Amino acid sequence: MKLAERVQSLTPSTTLAITAKAKALKAEGHDVIGLGAGEPDFNTPSYILDAAKQAMDEGLTKYTPAGGIPELKVSITEKLKRDQQLTYSNEQIIVTTGAKHALFTLFQVILNPGDEVIVPAPYWVSYPEQIKLAQGNPVIVPAEEANHFKLTPEQLKASITDQTKAVIINSPSNPTGMMYSEEELKALGDICLEHGLLIVSDEIYEKLIYTEEEHVSIAQLSDELYNQTVIINGVSKSHSMTGWRIGFAAGPKEIIKGMTNMASHSTSNPTSIAQYAALAAYQGSEEKVDEMKKAFKERLDVLHKLLLEVPGVKCAKPSGAFYLFPNVSETASLCGFSSVDDLVKALLDEEKVALVPGSGFGSPENVRLSYATSLEQLEEAAGRIRRFVEKHQS
């Protein structure tokens, strides 16, 4: 049987491919250090686990409304009011099976064949693929490394056509960890308003910021931008709940209604138990979140310093998330490799350190390293990388 064209056009996830190879080597008994993971290495806080157990004990294991339980929607509106000073009603919220599902459903709802979505590169690997699955066209706009990989107003304006429907803003970013300032968001927002573009604001890493900068949602900046923005977020990164699969979208009622109708014919509803766990996450103390953030900041400081000691590596220090995205094109050249992808493959084969090549994120001169692992592992990985480079240089 011939598969549908939309599936044949998909690009396999580079992250998953590297992770799979690293796991296979580990299963063979090799001492592999994986720096490809896009999830915190901390367990979900105990008060959230207890809430899930209580939900099971109370029999809260049945179908829920397709858009999420009302209590969780209320808790999400309270979170948005508390953190972003934004006011939403329950009708403007949909709870989804992870933030990835929120994005997928949104693109299915807003895009017609041929509609364009502007995607700044480097980008999270699933943005272009989800747009293609919705029969839209991802318009990749390379953001300059000199501008910390952030889209400029000039680039945005130059990329808009009659077919442009939306633009994605991911702050803090996966894979770069960089974050837009209020002024930068305002400048981009003005252009979006001028051209009637929907803004997809992916804020999944908003709790993981390691500078004095404050996270700003573009929806905060004016009533007009509020009405033209869909916020995507969830508990996966902030509360170490990746496997629970709870995300949400907040935005205009008509869009959220369309997303809810679509979800009712796909997932029916997010897992009931996970919703009650997420409810506890949003209602509980952020003490554990702060502890995790403190650990990530320490790891960032250490790993960033060690990477800069590797010949040829250039790496600006990010503001948030838990990734470093160094430019290693010079390193690859020093080691005699024709591409960064070849360097990454050889590093995994020889030193058993798994990185994700930047080609999967639209930036072939870079690699992504996750510091969501122990400090000891990060120090060992950095040592292996330096040893590998020095060996190949000589």
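Residues numbered from 1 in each chain as written. Predicted model: local features only at pLDDT ≥ 70, side-chain atom pairs only at ≥ 80, totals over all residues. Heavy atoms only, no water.

### Examining unusual backbone geometry
Operational definition: Counting from the N terminus, the helices are the DSSP runs of H or I reaching at least four residues and the strands are the DSSP runs of E reaching at least two.
Looking along the chain, the bond that leaves alanine 121 and enters proline 122 is cis, with omega of 5°. As for its placement among the helices and strands, proline 122 is situated in the loop between strand E3 (116–121) and helix H6 (126–133). At arginine 245, a position not held by glycine, the phi torsion is positive, near 60°. Along the polypeptide, arginine 245 turns up in the loop between strand E7 (229–234) and strand E8 (247–250). With a phi close to 60°, alanine 321 is a non-glycine residue in the positive phi region. You can see alanine 321 is positioned in the loop between helix H12 (287–307) and strand E9 (323–324).

### Here we look at the packing of aromatic side chains
Rules: Note on ring pairs: Phe, Tyr and Trp rings are taken, using the six-membered ring of Trp, and paired if centres are within 6.5 Å. Classes follow the plane angle, with under 30 degrees stacked, over 60 edge-to-face and the rest tilted. A 1.4 Å probe rolled over the protein chains alone gives each residue an accessible area, and that area as a share of the maximum for its type sets the label: buried under 20%, exposed over 50%, partly exposed in between.
With the rule as written, the count across this model stands at 13 aromatic pairs. Centre to centre, the rings of phenylalanine 248 and tyrosine 282 are 6.3 Å apart; their planes meet at 70°, and the pair counts as edge-to-face. Of this pair, phenylalanine 248 sits in strand E8 while tyrosine 282 sits in helix H11 (residues 272–283), placing them 34 residues apart in sequence. Tyrosine 282 shares its class with phenylalanine 248; the two are buried. By the ring-pair criterion, three or more aromatic residues cluster together here, those being Phe42, Tyr205, Tyr210, Phe296, Phe322, Tyr323 and Tyr371.

### Quick word on the sheet that holds E9
Selection criterion: Strand pairing follows a simple DSSP-based rule, namely that at least 2 bridges must link the two strands.
On the basis of which strands lie adjacent, the open sheet formed by three strands has the order E9-E12-E11 and antiparallel pairing. In this open sheet, the two strands that pair with only one neighbour each are E9 and strand E11 (356–357). Across two bridges, the pairing between E11 and strand E12 (residues 367–370) is antiparallel. By the bridge assignment for E12, proline 357 is matched with valine 367.

### Focus on the environment of leucine 208
For clarity, the cut-off: Contacts are assigned to residue pairs that have any heavy atoms within 4.5 Å of one another.
The residue leucine 208 is located in the loop between strand E6 (198–202) and helix H9 (223–227) in this model. Distance from leucine 208 to lysine 150, taken between C-alpha atoms, is 18 Å for residues 58 residues apart in sequence. For leucine 208, the residues in contact, after removing those within four places along its chain, are Pro172, Lys237, Met292, Lys293, Phe296, Ser319, Gly320, Ala321 and Phe322.

### Considerations on the pattern of salt bridges
Any two side chains of opposite charge can pair if their charged atoms end up close together. The condition that has to hold: Should a side-chain nitrogen of Lys or Arg be within 4 Å of a carboxyl oxygen of Asp or Glu, the pair is scored as a salt bridge.
All chains considered together, the criterion is met by 22 salt bridges. Note that aspartate 190 is salt-bridged to lysine 186, the shortest N-O span being 3.1 Å. Taken as a pair, aspartate 190 and lysine 186 lie in helix H8 (residues 182–195) at a separation of four residues, close to a single helical turn. Judged by its relative accessible area of 36%, aspartate 190 falls in the partly exposed class. Among the residues examined, lysine 186 registers a relative accessible area of 39% and is labelled partly exposed. Three or more residues joined by partner-sharing salt bridges are found here, namely Lys79, Arg82, Asp83, Glu206, Lys207 and Glu286.

### Remarks on the domain arrangement of the chain
A common way to express how large an interface is: the accessible area buried when the components associate. As a reminder of what qualifies: Reported domain spans reflect what an automatic or database domain assignment gives. A 1.4 Å probe defines the accessible area here, and the buried area is the portion of it lost by two parts on being joined, summed over both. Residues are grouped as follows: Ala, Val, Leu, Ile, Met, Phe, Trp, Tyr, Cys and Pro are nonpolar; Asp, Glu, Lys and Arg are charged; all remaining types, including Gly, are polar.
Looking at the chain, the domain boundaries give domain 1 (5–43 + 287–389) and domain 2 (48–284). For domain 1 and domain 2, the distance between their C-alpha centroids amounts to 25 Å. Contacts between the two partners involve 35 residues from domain 1, matched on the other side by 32 residues from domain 2. With both chains or domains summed, domain 1 and domain 2 bury close to 2800 Å², and 60% of this area falls on carbon and sulfur atoms. Area buried by domain 1 at its contact with domain 2 is led by Ser319, Ala321 and Phe361, which between them contribute 21% of it. On the surface where domain 1 and domain 2 come into contact, there are zero salt bridges. Here the side of domain 1 that touches domain 2 gets six residues from one element, more than from any other, and that element is H12. Taken together, the residues that form the side of domain 1 that touches domain 2 break down as 15 nonpolar, 13 polar and seven charged.

### Some words on the layout of surface pockets
The criterion, for reference: We place a 1 Å grid over just the protein atoms. Points where a 1.4 Å probe fits but has no way out form a cavity, open points with protein on both sides within 12 Å along at least 5 of 7 lines form a pocket, and any residue with an atom within 4 Å of a point lines it. Grid points are joined across faces, edges and corners, and a volume is the space filled by probe spheres set on the points.
Considered as a void within the structure, the second largest pocket measures approximately 360 Å³ in volume. Forming the boundary of the second largest pocket are 18 residues, of which Glu206, Ile209, Glu213, Glu214 and His215 lie nearest the centre. Within the residue set of the lining of the second largest pocket, elements represented by two or more residues are helix H4 (70–84) and H12. Per-element tally for the lining of the second largest pocket: the top contributor is H12, with three residues. Within the lining of the second largest pocket, the residues separate by chemical class into four nonpolar, five polar and nine charged. Counting residues domain by domain, the lining of the second largest pocket receives three or more from each of domain 1 (5–43 + 287–389) and domain 2 (48–284).

### Some details on the sheet that holds E3
Quick note on the threshold: To define axes, lines are fitted to C-alpha atoms, for helices over the stretch in contact only, and angles between the resulting N-to-C directions are given on a 0 to 180 degree scale.
Across the sheet, seven strands lie side by side as E2-E8-E7-E6-E5-E3-E4; this open sheet has mixed pairing. On the outer flanks of this sheet lie strand E2 (93–96) and strand E4 (137–142), each paired with one strand and no other. Taking the axes of each pair of neighbouring strands and ignoring which way they run, one obtains an average angle of 20° across the sheet. Strands E2, E7 and E8 of the sheet are contacted by H4, whose axis makes an angle of about 115° with E2.

### Some remarks on empty space enclosed by the protein
The final tally for this structure, using the stated rule, is five cavities of 30 Å³ or more. Approximately 140 Å³ is the volume found for the largest cavity. For the lining of the largest cavity, the secondary-structure elements that each account for two or more residues are E3 and strand E5 (164–170). At three residues, E5 tops the list of elements feeding residues into the lining of the largest cavity.

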